[in-house]
Structure formats: structure tokens, C-alpha cells
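One letter stands for each residue in the lines below.
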Amino acid sequence: MRARGPLNGSTGVAQVHRRPLALAAPRRTSHARGRITNADAFLERMAAGLMLLAVMATFTISSSVLTNFKIHYLTAGGNFYEKLHPATYFTLLAFALLLIRSRGPIGEINRMFSESKLLLAYLLCWLFLLIQVFVLERPFTVIIDTFLLPILIAMVMWQLPGAQKRPLAWAIHLTILLNVLLGYYEFFSGHRLIPLTLGDVLVAGEWRSAALLGHPLTASGIVGAYVLALVLRPAICPPLLVRLPLIAFCLGSLMAFGGRTSLVTVLAMIGLVGGFEAFRLMRGRRMPLPAAILAICVLFAAGAIIFAALDLGIFDKMLLRFSSDKGSALARFATFNLLSHFDWHELILGPNPVRVNALQAQLGLNYGIENFWISSIVQFGLVHTIVLTIGLVCFFVELLRRSSGAVWAIVLLIVVIAASSVSFSSKNIQLAQFVILISVLLPREQRRVAAPQQVRNPVSYRSVPA
């Protein structure tokens, strides 16, 4: 039977008008969500562009470059805005753009730290150090570029999609290879493009190249980390015929930059990797015949090039660094001896900076204290050094969690550099450079989940005629 219509005609009209209104609401919501998604994507593209500028500034604009262009970054005088590195400004702008996405600043900060809870511990340790710097009336821009910039870079990089980080990876490759080329040019020509300076002091008579990275030890550390990334994660440069010459080309530049610690550490890690692969081959691991032939050819070619370079005396200056280090070993011994000149009251909260500078000049440590932890104790005291170390450990644990297995080698290189040079104990962006390399070139690979296989219906399978 046919259903009867409503007795009141107005009720039927009202029902007809209600249905289009109910269907129009989801359409408006979908349009609003689409506008929000497009706005967020635009902000992320803007942030990626600013991070591209930050990456290029990080690997090409050093403190020596800024000093050469009369910018008072490390030197006395100048305005406040000169005391921060350009990469810090670009990163702060990128971070601010990510905060004004659809969730709002509070929602974005909550999401960032909920995904990386250990960063909160690092920021608390950094704030503890900032309070001490204000109380003692010391320049606070030192801890901004050195310790705050790396975590801002990491937080921005982790928010960017993989497609937007590809230009950043190309920028890293191009800027590091540019520094390697300039390092070879300075080494063979004897002409330095940017004068080597340490604050107000002009360093003369130094043969080691620095390129645009500002200091030979900084350049050798960054190039060494880049070599380890190429060796341990082939996905950075998949073609073998391109990756092997690139590794050899960058590894040879460590002789031009003259960093003994980085060179020995990188060679030791490459030797361990090679020995492990050889052990796996002896255990029965199969290897493609073209790859084996190519490896043998590369080994013979590398041996011939090394013997030819040694015969021509190209690396004599670097080899003399191992036999005559010009007082570098004595400087490291004086570094450990420096702490014996302070009592416990001074070491707990940090001694007087005037007395520290006088003792450094007396002990021949004019170029700095070549150990991160000892220098931190002298600058900030034992309590703040312990707190800062705990914060750095939390930060590196988060980096390890978000990166591929190859990052262990670079973290070990960072620890060795920190224990044997001024490194992060002075105002510089070296830690930020390592964080850029790790977050862009060594991300954790997402596991591919295989699609479940379709199960045949046994009933329909039996019903098919033979």
C-alpha cells in the first residue's frame, strides 16, 4: 500500500526545506577545512624557504666571514642585532611561521613537545643556564647561537614534510662541496680567501685551510661528518660510481683542513665498517660480482693515488702535524692543569672571568680551552656544566630516536671533537651544523607495511567448474 502523506501541507514543506540545509553543512565544513589545509601548506613552504636560507648561511657565513665584512659578531662594539648569526634569524622566523598554523601557537607547541618530550628537559637546562648568565651579567647571545639554535633547527626540520626537505639536502651537498673546493684551493695556492681570525686576533702563519667555515677544525669536523654520512647511509647518494669518488674527494680534503682528530676518527670508523663487511663476507655473505670487481679496482686506485701523493710531498704538512704539533699537546695538558688553580668555591658556580683570562694568558691558552667540559666549568661552574650535559644528553637521545642508525658514528665524532677542541664552549654554530646534517641527511626510514594478501573465498572457489 502507498504511504499516506502528511495531513498538514506546511509540515511537508518544512521537511523538504530541512534536507538541503542538512546536506549543505558538511560542504561548508569541507571547504573550510580545505582552506585551513592550504594555509598550513603555504606556511610550511614559507618555513622551508627560510630554512633553505638558514642552511646556506650556516655553511657559508662563519664568524670570520662576518668579521671580514665589519660585522661585530665576535668583536667588541656594534649593535645587538650584530651579535646573532643570520641563521638564527631565519630559523626563528621559520619557527614562528609554524606556530601560527591552524592549531594556534599553544596547540603547535603542545604537539611538538608531546612528540619529543626530552626536548623539554633540554630547554629547562638551557633556561637554568640563561638565568645564571643574566645574574652574573654576562653576554647571553653566546648561549643563543651555541645551544638554542640547534634545538630550534631540529624542531623546524622535524615538522617539514620529506618533499620540502629535498632542496635543503641539495643545499647541504652544494655548500659542503663548495667548502671542499675552496679548501683545496687555499691549500695548494697558499692564498686564504677569508682571513683567519679568533675574535679580534688575526691568526698569521697558518697553512691549514678554513674555506667559508671559519676555522680549520670546524671545517674538518663538518666534512668528516659528511663523509661518514655518505659511507654509512648510501641512500644519500645511491649511484655507486658517484658516491665513491665523492667520498674520496671529501676525505682527501681533511688533509688540507688539517684536523688530526677528525681525520683519525673518520678513518678509524671507516676501517671498522670495512672490517665488519669483510667479516660478513668470510661468514658467507654473497656479493654481486660487478660490485666486487669495482671494490677491488677502487682499492687499487686509492692505494696508487695515496702513494703518489706521498711521493710528491703533497701531504707533508699534515704528516708533520703528527710529529710536531707546535705545542698543541702542551696546550691540552695546560687545559687540565688550569682547574688546579681554582678552589672548590670558584669551581661550583664559576670563577671570576678576569682571573680566568689572566690564567689563560699565563698558561699559553690564548686561543681557548681545548675541552668543552673544562671550558664550561671555567665559564659557568660545575653545577651548570652538569645540568647542561644532562640537557645535551636528552637532546642527542631525541636525535638518535628520530634518525637512522648511521647517526651513532656522527654522535661519536661530535663527542671526540668536544673533548679535544674548543668546539661548543665558545660562541659558534658548529653544533647547529651537525644538527642540520643529522636531521636532513639521516632521517629515520619509515617502515613499509605490506598490504594483507587477499584470501580467496572457499565457497566461490569450489563453485568454479573444472
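Quantities reported herein were computed from a predicted structural model and do not represent experimental measurements. (Residues numbered from 1 in each chain as written. Predicted model: local features only at pLDDT ≥ 70, side-chain atom pairs only at ≥ 80, totals over all residues. Heavy atoms only, no water.)

**What about the confidence of the model for the protein?**
Then step 1. For the protein, mean pLDDT is 81; residues scoring 70 or higher make up 80% of the total.
Then step 2. Across residues 1-25, where pLDDT falls below 50, the model places one contact with residues more than four positions away in sequence or in other chains.
Then step 3. Note that residues 449-466 has pLDDT below 50 and, in this model, one contact with residues that lie over four places away or in other chains. (pLDDT = per-residue confidence, 0-100. Contact = heavy atoms within 4.5 Å.)

**Looking at helix α15 (residues 353-363)**
Then step 1. Residues of α15 that are buried include every one of Val356, Leu359 and Gln360, and no others. On an axial view of α15, the arc spanned by its buried residues comes to 105 degrees, and they lie on one face. Away from its buried face by more than 90 degrees, α15 exposes Val354, Asn357 and Gln362. (Buried < 20%, exposed > 50% of the residue type's maximum accessible area, 1.4 Å probe, protein only. Helix = DSSP H or I, 4+ residues; strand = E, 2+ residues; numbered from the N terminus. Arc of directions from axis to C-beta.)

**Some thoughts on helix α17 (residues 382-401)**
Then step 1. Over its 20 residues, α17 extends 29 Å from the first C-alpha to the last, a length consistent with the 28 Å expected when each residue adds 1.5 Å.
Then step 2. For α17, the set of buried residues is His384, Thr385, Leu388, Gly391, Leu392, Cys394, Phe395, Phe396, Glu398, Leu399 and Leu400. (Expected span 1.5 Å × (residues − 1).)

**Some remarks on the nonpolar core**
Then step 1. Counting residues in each nonpolar core, the largest one holds 104 residues, and the members touching the most others are Met51, Phe59, Phe147, Ile172, Ile410, Leu437 and Leu441.
Then step 2. The element best represented in this core is helix α6 (residues 141-159), accounting for 13 residues.
Then step 3. Residues Leu347, Val356, Ile374 and Ile377 belong to the second largest nonpolar core, which totals nine residues. (Core = buried A, V, L, I, M, F, W, Y, C linked by side-chain atoms within 4.5 Å.)

**Let's talk about the side chain of Glu108**
Then step 1. The topology assignment puts Glu108 in helix α4 (residues 104-115).
Then step 2. Aside from chain neighbours lying at most four places away, what touches Glu108 is Leu98, Leu99, Arg101 and Arg103.

**Focus: empty space enclosed by the protein**
Then step 1. One pass over the full model with this rule turns up one cavity of 30 Å³ or more.
Then step 2. Considering only enclosed or pocket space, the largest cavity measures out at about 40 Å³ in volume.
Then step 3. Taken together, Met112, Glu115, Ser116, Leu119, Met155, Trp158, Gln159 and Arg402 make up the full set of residues lining the largest cavity.
Then step 4. Looking at the lining of the largest cavity, the elements that each hand over two or more residues are α4 and α6.
Then step 5. When grouped by side-chain class, the residues that make up the lining of the largest cavity number four nonpolar, two polar and two charged. (1 Å grid on protein atoms, 1.4 Å probe; cavity = no way out; pocket = protein on both sides within 12 Å on 5 of 7 lines; lining within 4 Å. Points joined across faces, edges and corners; volume = space filled by probe spheres on them. Nonpolar A, V, L, I, M, F, W, Y, C, P; charged D, E, K, R; others polar.)

**Structural notes on the packing of helix α7 (residues 162-189) against helix α9 (residues 240-257)**
Then step 1. Where α7 contacts α9, the two axes come as close as 9 Å, and the packing angle between them is 45 degrees. Considered as vectors, α7 and α9 are oriented oblique to each other. Note that α7 runs across α9; the crossing there is left-handed. Counted together, Leu177, Asn179, Val180, Leu181, Gly183, Tyr184 and Phe187 of α7 and Leu246, Phe249, Cys250, Gly252, Ser253, Met255, Ala256 and Phe257 of α9 form the full contact between these two elements. (Axes fitted to C-alpha atoms, helices over the stretch in contact; angles between N-to-C directions. Parallel < 35°, antiparallel > 145°, perpendicular 65-115°, else oblique. Left-handed = near helix turned anticlockwise from the far one by under 90°.)

**A few points about the packing of aromatic side chains**
Then step 1. A complete count under the given rule lists 11 aromatic pairs for this structure.
Then step 2. Ring geometry for Phe372 against Trp373: centres 5.3 Å apart, planes inclined by 75 degrees, an arrangement best described as edge-to-face.
Then step 3. By relative accessible area, Trp373 is classed as partly exposed at 30%.
Then step 4. The rings of Tyr184, Phe187, Phe188, Trp207 and Phe249 are connected pair by pair, giving a single aromatic cluster.
Then step 5. Between Arg402 and the ring centre of Trp158, over which it is positioned, the NZ or CZ distance is 4.4 Å.
Then step 6. Over the aromatic face of Tyr73 sits the side chain of Lys427, whose NZ or CZ is 4.3 Å from the ring centroid. (Phe/Tyr/Trp six-rings, centres within 6.5 Å; stacked < 30°, edge-to-face > 60°. Lys NZ or Arg CZ within 6 Å of the ring centre and 35° of its normal.)

**A look at a nonpolar patch on the surface**
Then step 1. Together, Phe128, Trp344, Ile348, Leu349 and Val383 make up an exposed nonpolar region whose accessible area comes to about 490 Å².
Then step 2. The greatest single-element share of the nonpolar patch, amounting to three residues, is contributed by helix α14 (residues 344-349).
Then step 3. Structurally, Trp344 is set in helix α14.
Then step 4. With relative accessibility at 62%, the residue Trp344 sits in the exposed group. (Patch = residues over 30% accessible without salt bridge, like charges linked within 9 Å, V, L, I, M, F, W, Y side chains within 5 Å. Areas by Shrake-Rupley, 256 points an atom, 1.4 Å probe, with all protein chains shown as cover. Salt bridge = Lys/Arg side-chain N within 4 Å of Asp/Glu carboxyl O.)

**A closer look at the packing of α7 against helix α19 (residues 430-441)**
Then step 1. At a minimum axis separation of 10 Å, α7 and α19 run at an interaxial angle of 130 degrees. As judged from the angle between their axes, α7 and α19 are oblique. Here α7 runs over α19; the crossing is left-handed. Contacts between α7 and α19 pair Lys165, Leu168, Ala169, Ile172, His173 and Ile176 from the former with Ile436, Leu437, Ser439, Val440 and Leu441 from the latter.
Then step 2. Taken together, the residues that form the contact of α7 with α19 break down as eight nonpolar, two polar and one charged.

**Notes on the pattern of salt bridges**
Then step 1. Scanning all chains against the criterion turns up nine salt bridges.
Then step 2. We note a salt bridge from Glu115 to Arg111, for which the minimum N-O separation is 3.6 Å. Residue Glu115 and its partner Arg111 are both found in helix α4; the two are separated by four residues, about one turn of the helix.
Then step 3. For Glu115, a relative accessible area of 35% translates into the label partly exposed.
Then step 4. Residues joined by salt bridges that share partners form a network here, namely Glu44, Arg101, Arg103, Glu108, Arg111, Glu115, Glu398, Arg401 and Arg402.

**A few points about the side chain of Gln132**
Then step 1. Mapping Gln132 onto the fold places it in helix α5 (residues 118-135).
Then step 2. One polar contact links Gln132 to His384, side chain to side chain, over a distance of 3.5 Å.
Then step 3. Each residue touching Gln132, except ones within four places of it in the same chain, is listed here: Leu349, Phe380 and His384. (Polar contact = N/O pair within 3.5 Å; in protein donor to acceptor, adjacent residues only side chain to side chain.)

**What to know about the environment of Glu206**
Then step 1. Mapped onto the fold, Glu206 is located in the loop between β2 (201-202) and α8 (216-232).
Then step 2. Given a relative accessible area of 23%, Glu206 falls into the partly exposed group.
Then step 3. A sequence separation of 10 residues divides Glu206 from Leu196, and the C-alpha atoms of the two residues are 8.3 Å apart.
Then step 4. The residues touching Glu206, leaving out its near neighbours within four places in the chain, are Arg192 and Leu196.

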